[in-house]
Amino acid sequence: MSKNWSSTLRLPKSTLPPRPLPTQHKEYIKKCADDFYKWQAANRPADDTFLLHDGPPYANGSLHAGHALNKILKDIIIRTKVQQGQRVTYVPGWDCHGLPIELKAVSTEEGRTMTPHAIRQAARSLAAKTVLEQMDSFRTYAVMSDWENRWTTMDMAFEINQLRLFQKMVSRGLMYRMFKPVYWSPSSGTALAEAELEYNEAHISKSAYVRFPITKASARITGLEGFTGNLYAVIWTTTPWTLPANRAIAVHDDLLYHAVRVGDDAYLVADGGLERVAKVLMGEEGTPEILATVPGSQLTQLQYVNPLQGKSAAPQPFIHGPFVTPDSGSGLVHCAPGHGFDDYLLCKDLGIPVSAPVDNDGVFTEEAYPDDPSRLKGIPVLEGGSAAVLELFKDNVLNVHKYKHKYPYDWRTKKPVIIRATAQWFADVDNIKELALKALEEVKFVPESGRSRLEAFVKGRSEWCISRQRAWGVPIPALYDANGDAVMTEKTIEHIISVIQERGTDAWWSDDPHDPVWIPASLRGKGPFTRGRDTMDVWFDSGSSWTQTDRQADVYLEGSDQHRGWFQSSLLTRVAAMAVQGPTADGTTNAVGLSPFKTLITHGFTLDKAGRKMSKSLGNIISADQVMDGSLLPPLKVKNKDRDPNAPPPKDALGPDALRLWVASSDYTSDIVLGEPVLKTIHQSFTKYRTIIKMLTGSMEQSARAAPLTALDHIALVQLKDAMAEIERYYQNYEFNKAFSSLNRWIANDLSAFYLEALKDRLYCADGGGVLEPIFMGFLRMLAPITPVLVEEAWEHRPAWMKEDPSILHPLHQLYNSPLIDSSRLSYDEAVLRKDIPVLMETHAAIKAASELARRGKVLGSSLGCSVVIKAPKDSKALSVLQKYEDELDAMFVVSSVDLGGAIEGELAWKYVQDFEMGGHGCQAWVLPPKDHKCPRCWRFVAPAEDSLCVRCEDVVGEGVQ
């Protein structure tokens with residue numbers, strides 16, 4: 001009679017649900033993030049610390065997947081450091097000042113009628129609300145941090161630190177005010193720094209060739225002695241709206257210039273631009289007649305008239321410009337020192353005045369056209385300005401055409417900017433540039449390419465425009481006299497800081513303009529002074545955040561766009577404040593690290609599944625919530641017949657760990673794709689992890705601690721040790737995607753396909769021994785940095801006997817390299833075992849290959865349904881190794897029997913062979929029909945008769961089982 005043996009088996013019994021339950025996420029996150037951060041702060045040593053300084057996200061709007069990428073990378077890093085025994089400090093911060101928040105809180109039209117104080121109140125309220133909303137979202141990612149002690153750039157303490165930093169830079173002579181060209185955003189109404197620009201490669205400008213008449217009195221050129229016509233200079237410009245500010249024409253002394261006849265007149269053109277300009281002057285078929293050729297140095301005696309300057313305007317000069325080339329235009333360059341950086345520097349040295357007849361809104365002032373101010377006044381220079389100017393030039397316009405080129409845009413409003421001379425505050429970068437570059441020499445960059453990128457931005461910068469014409473920000477602490485001249489010294493700033501500490505930053509705007517409390521005693525009675533209205537660049541705000549810590553940070557981590565933003569501003573402000581100005585006697589620059597960071601890590605941007613950058617305009621922005629709740633994946637298939645057919649199908653919601661696995665699996669050093677194909681792979685891995693944990697939690701037996709360890713167990717421990725070492729190395733090198741791949745390889749090749757497959761017979765049918773507990777702990781340690789919620793859930797569902805053992809530490813609390821098993825239980829020499837493992841693995845692979853051939857022949861199902869014969873030369877290493885483990889080979893290879901070198905005799909129903917080579921010797925793995933009968937309990941073909949138990953199972957169950 002057939003008996004039921006299932007009740008005699010040790011089948012896994014785990015309480016872990018097959019899928020994470022969303023209702024439990026909040027509880028697990030609290031334990032593995034909030035509580036864990038506090039635990040490590042109290043239990044890891046105070047003399048071995050790790051500081052990750054937060055690059056503050058902008059408190060403006062909801063979070064997206066890019067925010068999640070950033071915060072989770074930081075979280076993975078600090079979790080690995082806790083595993084290594086360090087106490088971590090990670091205090092989150094927020095960037096709260098600036099135009100986007102101001103415009104979101106107050107529309108442009110509203111802002112025109114509101115007081116600065118009212119604007120600041122509205123912006124502060126919005127920023128404070130957004131900080132709390134973003135913080136709540138970050139916490140759903142299982143990110144651990146000192147949330148209660150978060151900082152924002154609008155905190156009083158932060159603003160005071162920032163003003164102190166500014167004060168120190170003033171005391172070192174690194175701050176100055178000057179009327180000079182800056183990037184100006186008409187759409188924002190403020191000056192911008194280079195870091196606040198983005199470039200549109202497809203910008204279209206109304207470009208033109210125009211002529212300026214050269215004065216008769218100066219038109220003395222060798223070769224034109226008898227020429228009686230008018231002489232003109234030809235220039236080409238992509239910004240005709242800047243022509244009212246033209247103050248000079250630049251030529252290059254060493255270039256050759258031709259005087260080309262056109263009718264009765266002649267035009268000056270550089271030799272290299274002749275063919276190009278001739279087509280403008282005479283059409284495609286015209287042949288230019290050259291009247292004279294002279295070096296550019298001879299042209300600097302000439303003078304010309306700008307028709308827009310007015311009838312009484314003085315003639316203007318030709319000057320040598322080292323930047324002039326014949327590669328574009330005419331080789332003569334229109335110089336408007338109020339609208340060009342090179343123009344300004346060139347004209348400044350020659351004493352040529354600066355003019356910029358454009359106001360804060362980007363429209364012409366009445367100075368643009370003195371003869372008839374109404375013709376240009378009020379016209380936006382970027383919208384009709386060029387056309388209006390060219391209309392005034394009349395016959396002096398030679399050609400007008402559209403020109404596609406790279407042009408700077410305001411990164412916030414996405415609208416073009418202009419270059420415009422205004423009075424602004426600047427930080428002197430030139431003076432600290434070499435010190436900043438020296439400071440970077442000791443910094444580790446991940447990836448290394450970040451070094452050259454940051455160095456290039458520092459090298460390419462000579463000054464930093466830090467003033468902004470907005471209300472929402474930290475004030476530049478300057479006082480102005482009746483003439484508009486600024487007064488700002490270390491002592492005046494100290495006085496202003498003392499008033500702000502008493503009244504608050506808002507009082508700078510809300511107090512009466514003539515309130516004497518803001519005027520230091522040293523200035524009282526010396527005339528009326530008023531407080532300035534400029535605020536600091538928000539990059540100076542966030543760049544000051546290193547003052548929140550008392551030491552150099554171990555890591556800064558942000559997106560690759562921060563090389564020109566936060567990374568650079570943090571570096572420059574710290575070097576400016578802390579560097580010894582000039583080398584010390586020993587040749588060093590300072591005793592402490594000048595860079596605010598020891599390691600600088602950058603990540604790419606998130607892309608959609610089509611490889612496009614995510615943007616609001618494309619409508620392809622993905623939120624972290626969509627990843628966590630399964631919205632991006634097909635719904636689950638439900639088999640429940642009682643389910644409401646009208647109800648929406650449930651989502652495949654795997655929670656924060658799915659989001660974290662996406663981050664961990666990605667090569668963050670380049671742009672990262674997020675979409676359904678990627679998430680399907682992530683979900684497969686995550687489901688595999690849960691399946692293994694469910695099996696482990698349901699199979700671990702306390703008795704296994706006392707059971708003897710087999711060779712198979714020792715091999716599993718060696719494989720675990722190697723996997724953990726490799727993964728640790730990747731974690732330490734911040735190569736999380738490689739750690740993820742290594743973990744999955746270990747699971748697929750070593751754990752699932754080898755050890756667990758081989759262990760099942762012993763686990764379910766025999767003594768329940770093995771090394772599942774060490775594997776469980778090692779597995780959770782490897783998972784802890786990337787899937788802490790799963791680790792917490794696994795711990796919650798550990799077997800009851802483990803819950804009752806207080807000596808077992810929570811896996812998150814364990815040191816990564818603390819022993820997983822008592823070394824006294826190990827009976828195999830690890831060095832010898834390591835040499836033998838390749839032989840065992842090669843043999844295993846050959847047996848599997850031969851078994852697969854049998855399956856294709858439809859004669860084999862389970863691998864237990866065969867016996868194996870291994871043929872190897874008698875003197876081969878392979879045979880000696882296999883003989884060493886002969887008693888375990890059937891269990892190790894999951895077959896019913898293994899014979900070494902046995903004969904294959906008689907007529908067999910089937911046989912399959914796989915040739916393989918080891919140590920230069922040819923070997924064979926034969927898969928044959930089983931020798932004995934199938935045991936109905938363990939299914940191995942080792943029973944003496946049909947329907948009878950094998951000897952082992954007989955011993956385990958005894959008699960009387962029905």
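Within an unreviewed UniProt entry, the label attached to the chain reads isoleucine--tRNA ligase, and the organism entered is Neurospora intermedia. What UniProt records for the chain under Sequence similarities (unreviewed entry) is the sentence "Belongs to the class-I aminoacyl-tRNA synthetase family."

Q: Describe the overall build of the chain, naming the residues involved and giving the relevant values.
A: When helices and strands are tallied, the chain shows 28 helices and 32 strands. The C-alpha radius of gyration of the chain comes to 39 Å, more than 25% above the 30 Å expected for a compact globule of 962 residues. Per-residue burial for the chain yields a buried fraction of 54% across its 962 residues. The contacts of the chain with a sequence gap of at least 6 include a subset with a gap of at least 24, amounting to 77%. In the form shown here, the chain has an accessible surface area of approximately 41400 Å², with 51% of it arising from carbon and sulfur atoms. On the chain, the mean spot of the 106 positive side-chain charges and the mean spot of the 118 negative ones are 3 Å from each other.

Q: Describe the environment of H603, and please don't skip the residues or the numbers.
A: As for its placement among the helices and strands, H603 is situated in strand 26 (residues 597–603). The class of H603 is buried, set by a relative accessible area of 7%. With 156 residues separating them in the primary sequence, H603 and P447 have C-alpha atoms 8.6 Å apart. Excluding its chain neighbours within four sequence positions, the residues that come into contact with H603 are L69, N70, L73, L557, E558, G559, S560 and Y668.

Q: An account of the sheet that holds strand 14 (residues 316–320) is requested, with residue identities and associated values reported.
A: With mixed pairing, the four strands of this open sheet are ordered in space as 13-14-9-15. Of all strands in the sheet, those with a lone pairing partner are strand 13 (303–304) and strand 15 (333–335), marking the two edges. Direction of pairing for strand 9 (residues 248–251) relative to strand 15: antiparallel, over a ladder of three bridges. When the bridges of strand 15 are listed, A248 appears paired with C335.

Q: How would you sum up the pattern of salt bridges? Please name residues and give values.
A: One pass over the structure, following the stated rule, counts 49 salt bridges. Its salt-bridge partner being D34, residue R139 comes within 3.2 Å of it at the nearest N-O pair. Here R139 is found in helix 5 (residues 116–139), whereas its partner D34 is found in helix 1 (residues 22–43), with 105 residues between them in sequence. According to the relative accessible area criterion, D34 is buried, its value standing at 18%. With a shortest N-O distance of 2.9 Å, D761 and R952 are connected by a salt bridge. Within this pair, whereas D761 is found in helix 21 (residues 736–765), its partner R952 is found in helix 28 (residues 951–957), the two being separated by 191 residues in sequence. For D761, a relative accessible area of 22% corresponds to the partly exposed category. Through salt bridges with shared partners, a single ionic network connects D54, K71, K74 and E558.

Q: Requested: an account of the packing of helix 18 (residues 656–665) against helix 19 (residues 676–699), with residues and values cited.
A: Relative to each other, helix 18 and helix 19 sit at 110°, their axes nearing to 9 Å. The orientation of helix 18 relative to helix 19 falls into the category roughly perpendicular. By crossing handedness, the relation of helix 18 to helix 19 is classed as right-handed. The segment helix 18 lies against helix 19, with D657, A658, L661, W662 and S665 engaging V678, L679, I682, H683, F686 and Y689. When the residues that make up the contact of helix 18 with helix 19 are grouped by side-chain class, the tally is eight nonpolar, two polar and one charged.

Q: Quick one: what's the story with empty space enclosed by the protein, residue by residue and with numbers?
A: Applying the stated rule across the entire model yields four cavities of 30 Å³ or more. By volume, the largest cavity is sized at about 90 Å³. Lining the largest cavity are 14 residues, with G98, L99, R468, R470 and V538 sitting closest to its centre. Going through the elements one at a time, strand 6 (190–192) and strand 24 (535–536) are the ones with two or more residues in the lining of the largest cavity. Looking at side-chain class alone, the lining of the largest cavity contains five nonpolar, four polar and five charged residues. Together, S699, M700, E701, A704, R705, L763, G768, G769, G770, L772 and E773 line the second largest cavity.

Q: Lay out the layout of surface pockets in plain terms, naming residues and giving numbers.
A: What the largest pocket holds in volume is close to 2200 Å³. Along the wall of the largest pocket there are 49 residues; nearest its centre are H64, W411, K414, D561 and F605. Taken together, the elements giving at least two residues each to the lining of the largest pocket come down to helix 2 (65–83), helix 3 (99–105), helix 5, strand 7 (197–213), helix 15 (538–543) and strand 25 (553–559). For the lining of the largest pocket, the class distribution of residues is 17 nonpolar, 20 polar and 12 charged. What the second largest pocket holds in volume is close to 990 Å³. Lining the second largest pocket are 30 residues; nearest its centre among them are T238, T239, V333, H334 and D343. Only strand 8 (231–237), strand 15, helix 9 (341–349), strand 16 (397–410) and strand 17 (418–428) provide two or more residues apiece to the lining of the second largest pocket. At four residues, the largest contribution of residues to the lining of the second largest pocket is made by strand 16. Its residues assigned to classes, the lining of the second largest pocket shows 15 nonpolar, 13 polar and two charged.

Q: Lay out unusual backbone geometry with the relevant residues and their values.
A: Following V446, the chain continues to P447 via a peptide bond in cis, the omega torsion being -5°. The residue P447 is located in the loop between strand 18 (444–446) and helix 12 (449–459) in this model. Positive phi, normally seen in glycine, also occurs at K394, with a value near 50°. Within the secondary structure layout, K394 lies in the loop between helix 10 (381–393) and strand 16.

Q: Could you give an account of the pairing of strand 11 (residues 265–270), naming the residues involved and the relevant values?
A: The element strand 11 is largely enclosed, with a buried count of six among its six residues. Because side chains alternate across strand 11, one face comprises the buried residues D265, Y267 and V269, and the other comprises A266, L268 and A270, equally buried. Bridge count between strand 8 and strand 11: three bridges; the pairing is parallel. Bridge assignment links A233 to a residue of strand 11, and that residue is L268. Strand direction decides the pairing type here: strand 10 (residues 256–262) and strand 11, joined by six bridges, are antiparallel.

Q: So, the environment of Q121: which residues are in play, and what are the values?
A: Along the polypeptide, Q121 turns up in helix 5. For the pair formed by Q121 and F605, sequence separation is 484 residues and the distance between their alpha carbons is 33 Å.

Q: Got a sec to walk through the nonpolar core? Specific residues and values, please.
A: Y141, W662, Y689, L743, W746, Y755 and F779 are the most contacted members of the largest nonpolar core, which totals 159 residues. Residue contacts for Y755: discarding those within four places in its chain leaves L712, D713, A716, D750, G770, V771, L772 and I775. Ranked by size, the runner-up nonpolar core spans 62 residues in total, among them A427, L440, I496 and W546.

Q: Let's hear about the packing of aromatic side chains: which residues, and what values?
A: Remark: the centre distance and the inter-plane angle together describe each pair of aromatic rings, the angle taken between the planes. Enumeration according to the criterion identifies 28 aromatic pairs in this entry. Ring centres of F138 and Y141 lie 6.0 Å apart, and the angle between their planes is 80°; this geometry places the pair in the edge-to-face category. Each member of the pair, F138 as well as Y141, is classed as buried. Put simply, the rings of F212, Y304, F318 and F393 touch in pairs and so form one group of aromatic residues. Its end group placed over the ring of W508, R531 keeps NZ or CZ at 5.9 Å from the ring centre.

Q: Could you give me a rundown of helix 9, with the residues and numbers involved?
A: Among all positions in helix 9, only D343, Y344, L346 and C347 are buried. Along its buried surface, helix 9 packs onto strand 5 (175–185), strand 9, strand 14 and strand 15. Positioned one or two residues after helix 9, G351 has a phi angle of 75°, which is positive.

Q: How would you explain the environment of L879 if you had to name every residue and give the values?
A: If you trace the backbone, L879 turns up in helix 26 (residues 877–884). Classification of L879 by relative accessible area gives buried; the value is 8%. Dropping the residues within four chain positions of it, L879 is found in contact with A872, P873, K874 and L900.

Q: Quick rundown of the sheet that holds strand 22 (residues 486–487)? Include the residues and the values.
A: Spatial strand order, 22-21-23: three strands in an open sheet with antiparallel pairing. The sheet is open, and its two edges are formed by strand 22 and strand 23 (530–531), each paired on a single side. Of the strand pairs in this sheet, strand 21 (residues 479–480) and strand 22 are connected by two bridges, and their pairing is antiparallel. For L479, the partnering residue across the bridge sits in strand 22 and is V487.

Q: Any details on helix 1? Residues and values, ideally.
A: Count 3.6 residues to each turn of an α-helix, and residues three or four apart come out pointing the same way. For helix 1, which comprises 22 residues, the first-to-last C-alpha distance of 30 Å matches the rise-based estimate of 32 Å (1.5 Å per residue) to within 8%. Taken as a whole, helix 1 carries its principal kink of about 40° at F36. When helix 1 is considered as a whole, its buried residues turn out to be H25, Y28, I29, C32, A33, D34, F36, Y37 and Q40. Where helix 1 is buried, its residues touch helix 2, strand 2 (87–89), helix 5, helix 18 and helix 23 (788–796).

Conventions used here
- Residues numbered from 1 in each chain as written.
- Predicted model: local features only at pLDDT ≥ 70, side-chain atom pairs only at ≥ 80, totals over all residues.
- Heavy atoms only, no water.
- UniProt positions renumbered as here; feature names shortened; annotations may be inferred.
- Helix = DSSP H or I, 4+ residues; strand = E, 2+ residues; numbered from the N terminus.
- Rg over C-alpha atoms; globule rule 2.2 N^0.38 Å.
- Buried < 20%, exposed > 50% of the residue type's maximum accessible area, 1.4 Å probe, protein only.
- Contact = heavy atoms within 4.5 Å.
- Areas by Shrake-Rupley, 256 points an atom, 1.4 Å probe, with all protein chains shown as cover.
- Lys, Arg positive; Asp, Glu negative; His and termini not counted.
- Charge placed at Lys NZ, Arg CZ, Asp CG, Glu CD.
- Pairing = 2+ DSSP bridges.
- Salt bridge = Lys/Arg side-chain N within 4 Å of Asp/Glu carboxyl O.
- Axes fitted to C-alpha atoms, helices over the stretch in contact; angles between N-to-C directions.
- Parallel < 35°, antiparallel > 145°, perpendicular 65-115°, else oblique.
- Left-handed = near helix turned anticlockwise from the far one by under 90°.
- Nonpolar A, V, L, I, M, F, W, Y, C, P; charged D, E, K, R; others polar.
- 1 Å grid on protein atoms, 1.4 Å probe; cavity = no way out; pocket = protein on both sides within 12 Å on 5 of 7 lines; lining within 4 Å.
- Points joined across faces, edges and corners; volume = space filled by probe spheres on them.
- Core = buried A, V, L, I, M, F, W, Y, C linked by side-chain atoms within 4.5 Å.
- Phe/Tyr/Trp six-rings, centres within 6.5 Å; stacked < 30°, edge-to-face > 60°.
- Lys NZ or Arg CZ within 6 Å of the ring centre and 35° of its normal.
- Expected span 1.5 Å × (residues − 1).
- Bend = angle between axes of the 7 residues up to and from the residue.

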